[in-house]
Amino acid sequence: MTMSIVASRTLPKLRLRNVFLRRTDWTDADLTDADISGTDVSNASFVGADFTRTNLRGTILRGADLSGARNLTLEQLQSAVLDETTTLPDYIDRSKLTLAPAE
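*Asks:* Outline the overall build of the chain, listing residues and values.
*Replies:* A tally of regular secondary structure across the chain gives one helix and zero strands. The proportion of buried residues among the 103 residues of the chain is 40%. Excluding contacts between residues fewer than 6 apart, the proportion of contacts in the chain whose partners are at least 24 apart in sequence is 4%. Counting only carbon and sulfur atoms, one obtains 51% of the accessible surface of the chain, whose full area is about 6200 Å².

*Asks:* An account of the pattern of salt bridges is needed here, citing residue identities and associated values.
*Replies:* Scanning the model with the defined rule gives four salt bridges in all. Here Arg17 makes a salt bridge to Asp35, at a shortest N to O gap of 3.4 Å. Taken as a pair, Arg17 in the segment before helix 1 (74-78) and Asp35 in the segment before helix 1 lie far apart in primary sequence, 18 residues in all. You can call Arg17 partly exposed: its relative accessible area is 40%.

*Asks:* Can you explain the nonpolar core? Please cite residues and give values.
*Replies:* Residues Leu31, Phe46, Phe51, Leu61, Leu66 and Leu77 are the most contacted members of the largest nonpolar core, which totals 22 residues. Sequence-distant contacts of Leu31, that is, excluding residues within four places in its chain, are made with Leu14, Trp26, Phe46, Ala49, Asp50, Phe51, Thr52 and Thr54.

*Asks:* I'd like to hear about the confidence of the model for the chain, residue by residue, with values.
*Replies:* When the pLDDT values of the chain are averaged, the result is 89; 88% of them are 70 or greater. Across residues 1-9 the pLDDT falls below 50, and counting only partners more than four positions away or on other chains, this stretch makes one contact in the model.

*Asks:* A description of the packing of aromatic side chains should follow, citing residues and the corresponding values.
*Replies:* On inspection of all chains with the given rule, the structure shows two aromatic pairs. For the ring pair Trp26 and Phe46, a centre distance of 5.5 Å and an interplane angle of 20° mean the geometry is stacked. Taken together, the residues Trp26 in the segment before helix 1 and Phe46 in the segment before helix 1 connect sequence positions 20 residues apart. Between Phe46 and Phe51 the ring centres are 5.5 Å apart and the planes differ by 50°, which places this aromatic pair in the tilted class.

*Asks:* Give a description of unusual backbone geometry that names residues and reports values.
*Replies:* Even without a glycine there, the phi angle at Arg23 is positive, about 55°. Tracing the sequence through the fold places Arg23 in the segment before helix 1. One non-glycine residue, Asn71, lies in positive phi territory at about 60°. With respect to the helices, strands and loops of the structure, Asn71 is situated in the segment before helix 1. In this structure Asn71 comes out as partly exposed when scored by relative accessible area, which is 44%.

Rules used in this analysis
Residues numbered from 1 in each chain as written. Predicted model: local features only at pLDDT ≥ 70, side-chain atom pairs only at ≥ 80, totals over all residues. Heavy atoms only, no water. Helix = DSSP H or I, 4+ residues; strand = E, 2+ residues; numbered from the N terminus. Buried < 20%, exposed > 50% of the residue type's maximum accessible area, 1.4 Å probe, protein only. Contact = heavy atoms within 4.5 Å. Areas by Shrake-Rupley, 256 points an atom, 1.4 Å probe, with all protein chains shown as cover. Salt bridge = Lys/Arg side-chain N within 4 Å of Asp/Glu carboxyl O. Core = buried A, V, L, I, M, F, W, Y, C linked by side-chain atoms within 4.5 Å. pLDDT = per-residue confidence, 0-100. Phe/Tyr/Trp six-rings, centres within 6.5 Å; stacked < 30°, edge-to-face > 60°.

Printed below as a string of structure tokens:
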């Protein structure tokens, strides 16, 4: 009997695509290799969360608190939806991002 084994590193650690998770608490979450693309996490708290290689394409981060977030890149944020109420970590230059109009 032959078994096929898929290496765990090829699969996202967490996969929550295109779901509605507004006002949720992700404080200190380990989102390494997670795929939360297209998810609406408006007004959620990501304080201290680790975003290493997290897929944020189309993720709605309006009003989200990303202060203290770790390993978050401009490239990740450029593929997400942010507005002026999104709180960014100190190391991110807001002027390099395109913000969505307020709802």
